[in-house]
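Chain by chain, the residues run as shown.
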Amino acid sequence: MLVIYNTLTRTKEPFITLEEARVKMYCCGITTYDFCHLGHARTCIIWDTVRNYLEWIGYEVKYVQNFTDVDDKILSRAIKEKTTMEEVSNKFINAYFEDMERLNVKKASVYPRVTHIIDDIQNLIGELEKSGHAYLSEGDVYFDIKSYKDYGKLSGRKLEDLKAGASGRVSLEDFQKNKKRDPADFAVWKKAKPTEKSWDSKWGKGRPGWHIECSAMIKKELGETIDLHVGGSDLIFPHHENEIAQSEAITGKELSRYWSHNGMVKVDGEKMSKSLGNFTTIRELLDQFEPMVVRLFILQTHYRNPLDFSHNSLVAATNSWQTLSDGLLFGYQYGEKLNFKNNPATELLPDLVNRFKKAINDDFNFAGGLAVLFEIAKNLRKESNVLTHTGVTTLSSNFLETQWHTLKSLAKLLGLEANQTTLKIELFKKLTDEEIDELVKKRKIAKNAKQYKESDLIRDKLKENNITLLDMSDGSTVWHYD
Ligand SMILES: Nc1ncnc2c1ncn2[C@@H]1O[C@H](COP(=O)(O)OP(=O)(O)OP(=O)(O)O)[C@@H](O)[C@H]1O
Ligand SMILES: [Zn+2]
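So, how was this worked out
One numbering rule holds for all chains: residues counted from 1, following each sequence as written. Chain letters start at A and ligand numbers start at 1, both assigned in the order the entries are written. Where local features are concerned, this predicted model is filtered to residues with pLDDT of at least 70; where side-chain atom pairs are given and counted, the filter is 80 or more; whole-chain, interface and lining totals use all residues. Note: side-chain values were computed over all heavy atoms of the structure, leaving out hydrogens and water. Boundaries of every domain are those given by an automatic assignment or by a domain database. We define proximity as follows: a residue is near a molecule or strand when any one of its heavy atoms falls within 4 Å of that partner. Within 3.5 Å is the distance limit for a polar contact, defined as a pair of N or O atoms, with the added protein rule that one can donate a hydrogen and the other accept it, and that residues adjacent in sequence qualify only through two side-chain atoms. Using a 1.4 Å probe, the Shrake-Rupley method yields the accessible areas, and only the shown protein chains count as cover for residues. Runs of E in the DSSP output that reach at least two residues are strands. Runs of H or I that reach at least four are helices, and both are numbered from the N terminus. Residue type decides the class: Asp, Glu, Lys and Arg count as charged, Ala, Val, Leu, Ile, Met, Phe, Trp, Tyr, Cys and Pro as nonpolar, and the leftover types, Gly among them, as polar. When a carboxyl oxygen of Asp or Glu lies within 4 Å of a side-chain nitrogen of Lys or Arg, that pair is called a salt bridge. Each residue is placed in one exposure class: buried if its accessible area under a 1.4 Å probe, protein chains only, is under 20% of its type's maximum, exposed if it is over 50%, and partly exposed if it falls in between. The rule for donors is simple: an N, O or S atom within 2.8 Å of the metal counts, and for Na, K and Ca the reach is 3.2 Å. Water is not among the atoms, so a site may look short of donors. Any coordination sphere not matching a tetrahedral pattern (four donors, all angles between 85 and 135 degrees) or a square planar or octahedral pattern (four or six donors, opposite donors over 155 degrees apart, other angles between 65 and 115) is reported as irregular. An axis is simply a line fitted to the C-alpha atoms; with a helix, the fit covers only the stretch in contact. Between two such axes, the angle follows the N-to-C directions and lies from 0 to 180 degrees. The scheme is simple: roughly parallel for angles under 35 degrees, roughly antiparallel for over 145, roughly perpendicular for 65 to 115, oblique for anything else. Note on contacts: a residue pair qualifies if any of its non-hydrogen atoms lie within 4.5 Å across the two residues. One requirement defines pairing of two strands: DSSP has to find at least two bridges between them. UniProt positions are given in the numbering used here, feature names are shortened, and annotations may be inferred rather than shown by experiment. Pairing of aromatic rings covers Phe, Tyr and Trp, the last through its six-membered ring, and needs centres within 6.5 Å; plane angles under 30 degrees mean stacked, over 60 mean edge-to-face, and all others mean tilted. Only lysine NZ and arginine CZ atoms are considered, and such an atom sits over a ring when it is within 6 Å of the ring centre and within 35 degrees of the ring normal. By definition, the crossover connecting two strands over a helix is right-handed if that path, from the first strand to the second, turns clockwise as seen with the strands pointing away from the viewer. Within this scheme, the nonpolar core is defined by two criteria: the residues are buried Ala, Val, Leu, Ile, Met, Phe, Trp, Tyr or Cys, and they are joined through side-chain atoms within 4.5 Å.

## What to know about the domain arrangement of the chain
- For the chain, the assigned domains are domain 1 (17-271), domain 2 (313-426) and domain 3 (431-481).
- On a C-alpha basis, the centres of domain 2 and domain 3 stand 26 Å from each other.

Given below as structure tokens:
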């Protein structure tokens with residue numbers, strides 16, 4: 001039985017869905033004003049893996065992730081680059097998909113964008129206003145926090161603390177100017193300056209506030225109550241608290257049964273973030289490390305804990321990936337010699353599967369699941385050494401194939417794959433310098449054409465031949481033997 005830590009109740013609870021065998025899941029996505037960094041990658045990889053797992057244990061999952069494509073930061077970038085918010089957003093949404101594909105993050109079922117659902121957002125604000133939960137003030141519409149008695153239930157914050165501005169995130173300015181009734185009231189609709197991109201509304205020209213978009217998107221795509229709402233822990237307050245207030249004030253029903261939050265990626269103890277300038281973009285990272293190394297690095301730490309990023313921690317993950325990929329490549333290397341049947345319907349080894357499931361069923365302990373995979377990978381590597389040195393193995397071919405198949409299937413579920421390629425590079429064959437140069441050239445062409453799967457594959461294949469590539473700042477690539 002799967003149990004999940006619920007931020008709302010601060011306990012682990014059995015996961016029981018609203019409808020049998022179905023999960024309605026929502027994740028707060030990115031604001032589209034820059035390339036994604038490792039922090040964003042963590043959030044996306046964790047919830048992608050959760051979604052894969054839920055599907056594997058038999059749920060049909062509708063997974064919705066939004067793009068915030070209206071925001072002050074997008075606007076200021078558009079002004080700086082003399083372009084539109086739409087252009088800026090499109091560029092970074094495309095970049096997002098490229099990065100995620102490389103990290104093996106599956107596409108969500110739907111990606112709503114703020115600019116596509118302005119009508120729904122306005123309708124929701126209209127409902128809030130009509131029911132006395134929101135009020136118009138000088139062109140802005142604010143949510144009236146006092147009108148919702150449960151405010152603070154997710155974060156455990158008290159309204160009195162918020163009033164005192166204790167959180168440091170509540171703007172007192174509008175309150176002091178008498179625009180807001182309460183310091184903690186937040187904007188659901190913001191009046192636009194004449195030069196800004198805006199939409200007509202009954203409150204005048206303006207744009208939606210940040211929090212209201214998620215309430216509107218959830219309602220539109222998933223309904224009044226969902227099973228699982230996820231996101232980074234930095235969003236618990238105020239964003240998720242405000243989502244709850246807006247949605248529940250109207251429906252009187254809970255917005256989500258379970259609230260799950262992943263910990264932050266940190267650098268020297270501080271959140272990796274654009275504003276602090278301590279971030280490493282996914283693409284920068286993938287110039288140095290294989291995508292699977294990044295994915296493994298993330299899954300090795302429990303999702304609720306903070307994750308410290310350093311170059312050395314990724315080097316350590318590279319070594320772990322080497323072990324795992326040795327196991328994952330076993331059948332490709334020796335399958336022919338050992339007469340593997342390659343039957344996709346091969347049963348997985350039940351004992352290993354049960355241990356893997358037991359770990360993950362305990363609040364998505366992927367690290368526990370990985371421990372099972374490492375055990376299999378090490379066994380296979382041992383056999384691989386025996387085969388290389390003696391040419392024979394004492395274990396039955398059937399047993400080895402089932403182990404390999406189990407490893408491959410469970411690793412795939414975690415998004416970890418060491419696929420054989422259509423590229424004709426023979427494993428462990430000594431490549432000539434010319435062959436290596438040719439492959440480096442091919443990789444560059446693939447990279448320039450944004451065919452990252454292909455370019456990553458070439459680098460991985462060279463790595464398997466103990467050749468490391470270094471991308472230099474002048475755009476050239478040099479290689480050396482490890
Ligand atoms: N350092 C981090 N570690 C883990 N998750 C993060 C981190 N930074 C942002 N996220 C998550 O990524 C998702 C998208 O966030 P969003 O686009 O709002 O980022 P952001 O807060 O603007 O980023 P930044 O703080 O770098 O400006 C959210 O679920 C958020 O919780
Ligand atoms: Zn949200």
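## As for the site of ligand 1
- In the neighbourhood of ligand 1, 21 residues make up the surrounding shell, with Thr 31, His 37, Asp 234, Val 265 and Lys 274 lying closest.
- Between Tyr 33 and ligand 1, the recorded distance is 3.0 Å, taken from a side-chain N or O atom to an oxygen atom.
- Protein chains bury 94% of the 590 Å² of accessible surface belonging to ligand 1 in isolation.
- With three residues, the top contributor of residues to the shell around ligand 1 is helix α1 (residues 38-56).
- Looking at the shell around ligand 1, its residues break down into seven nonpolar, 10 polar and four charged.

## Remarks on the pattern of salt bridges
- Tallied over the entire structure, the rule returns 34 salt bridges.
- Glu 254 is the salt-bridge partner of Arg 257, the closest N and O atoms lying 3.8 Å from each other.
- Residue classification places Glu 254 among the partly exposed positions, given a relative accessible area of 35%.
- The structure contains a network of salt bridges with shared partners spanning Asp 72, Lys 193, Glu 196 and Arg 207.

## Some details on the coordination of the zinc ion (ligand 2)
- At 2.0 to 2.2 Å from the zinc ion (ligand 2) lie its protein donor atoms, namely Cys 28 (SG), Cys 214 (SG), His 239 (NE2) and Glu 243 (OE).
- Note that the zinc ion (ligand 2) binds four donor atoms; their angles at the metal cover 84 to 127°, and the shape is irregular.

## Considerations on the packing of helix α4 (residues 118-130) against helix α7 (residues 210-221)
- Between α4 and α7, the shortest axis-to-axis distance is 9 Å and the interhelical angle comes to 105°. In terms of axis orientation, α4 runs roughly perpendicular to α7. On α7, the residues touching Asp 120, Ile 121, Leu 124, Ile 125, Glu 127 and Leu 128 of α4 are Ile 212, Glu 213, Ser 215, Ala 216, Lys 219 and Lys 220.
- Grouping the constituent residues of the contact of α4 with α7 by class yields six nonpolar, one polar and five charged.

## Some points on the pairing of strand β14 (residues 467-471)
- Bridging between β14 and strand β15 (residues 477-481) involves five bridges; their strand directions are antiparallel. Bridge assignment links Thr 468 to a residue of β15, and that residue is His 480.
- Connecting β14 to the next strand, β15, in antiparallel fashion are five residues, including Gly 475 with a positive phi near 95°.

## A short note on the UniProt feature "binding site: Zn(2+)" (unreviewed entry) in the chain
- As recorded in UniProt, the sites labelled "binding site: Zn(2+)" (unreviewed entry) are Cys 28, Cys 214, His 239 and Glu 243. These annotated residues cover 216 residues of sequence, and their C-alpha atoms lie no more than 10.8 Å from one another, placing them together at a single site.
- Using a relative accessible area of 1% as the deciding quantity, one classes His 239 as buried.
- Those residues in contact with His 239 that sit more than four places away from it in its chain are Cys 28, Trp 210, His 211 and Cys 214.
- Inspection of the secondary structure assignment puts Glu 243 in helix α8 (residues 236-251).
- If we skip the residues at most four places from it in the chain, Glu 243 touches Cys 28, His 211, Cys 214, Ser 215, Ile 218, His 229, Leu 255 and Trp 259.

## Comments concerning the packing of aromatic side chains
- One pass over the full model with this rule turns up 21 aromatic pairs.
- Aromatic side chains Phe 67 and Phe 97 sit 5.7 Å apart centroid to centroid with 90° between the ring planes, which places their arrangement in the edge-to-face category. Of the two residues, Phe 67 sits in the loop between β4 (60-65) and α2 (72-80) while Phe 97 sits in helix α3 (residues 85-102), which places them 30 residues apart along the sequence.
- Residue classification places Phe 67 among the buried positions, given a relative accessible area of 1%.
- Ring pairs connect the aromatic residues Phe 330, Tyr 332, Tyr 334, Phe 340 and Trp 404, which therefore count as one cluster.
- If you follow Lys 107 out to its NZ or CZ, it ends over the ring of Phe 97, 4.8 Å from the centre.

## Some details on the pairing of strand β10 (residues 256-262)
- Most of β10 is tucked away: six of the seven residues are buried.
- In this sheet, β10 lies alongside strand β9 (residues 226-232) in parallel orientation, the contact comprising six bridges. Of the residues in β10, the one forming a bridge with Leu 228 is Tyr 258.
- One crossover worth recording links β9 to the parallel β10 by way of α8, and it is right-handed.

## A short note on the sheet that holds strand β3 (residues 22-27)
- The parallel open sheet is built from four strands, whose spatial order is β4-β3-β9-β10. One side of each edge strand has no neighbouring strand; the edge strands of this open sheet are β4 and β10. If you compare each strand with its neighbour and ignore which way they point, the axes differ by 20° on average.
- Summarising the sheet, β3 and β4 pair through six bridges and their orientation is parallel. Looking at the pairing, Lys 24 lines up with Lys 62 of β4.

## Section: the environment of Leu 222
- Note that Leu 222 resides in the loop between α7 and β9.
- Placed 12 residues apart in sequence, Leu 222 and Trp 210 show a C-alpha to C-alpha distance of 19 Å.
- Setting aside its immediate chain neighbours within four residues, Leu 222 contacts Lys 24, Met 25, Tyr 26, Lys 62, Val 64 and Met 217.

## Quick notes on the nonpolar core
- The biggest cluster of nonpolar side chains holds 81 residues, and the ones touching the most others in it are Met 25, Leu 38, Leu 54 and Leu 324.
- Domain assignment of the residues forming this core places at least three in each of domain 1 (17-271) and domain 2 (313-426).
- When near neighbours in sequence (up to four residues on either side) are disregarded, Leu 38 contacts Val 265, Met 272, Thr 280, Ile 282, Leu 285, Val 294, Phe 297, Ile 298 and Phe 309.
- Leu 8, Ile 121, Val 188 and Phe 237 belong to the second-largest nonpolar core, a separate cluster that totals 48 residues.

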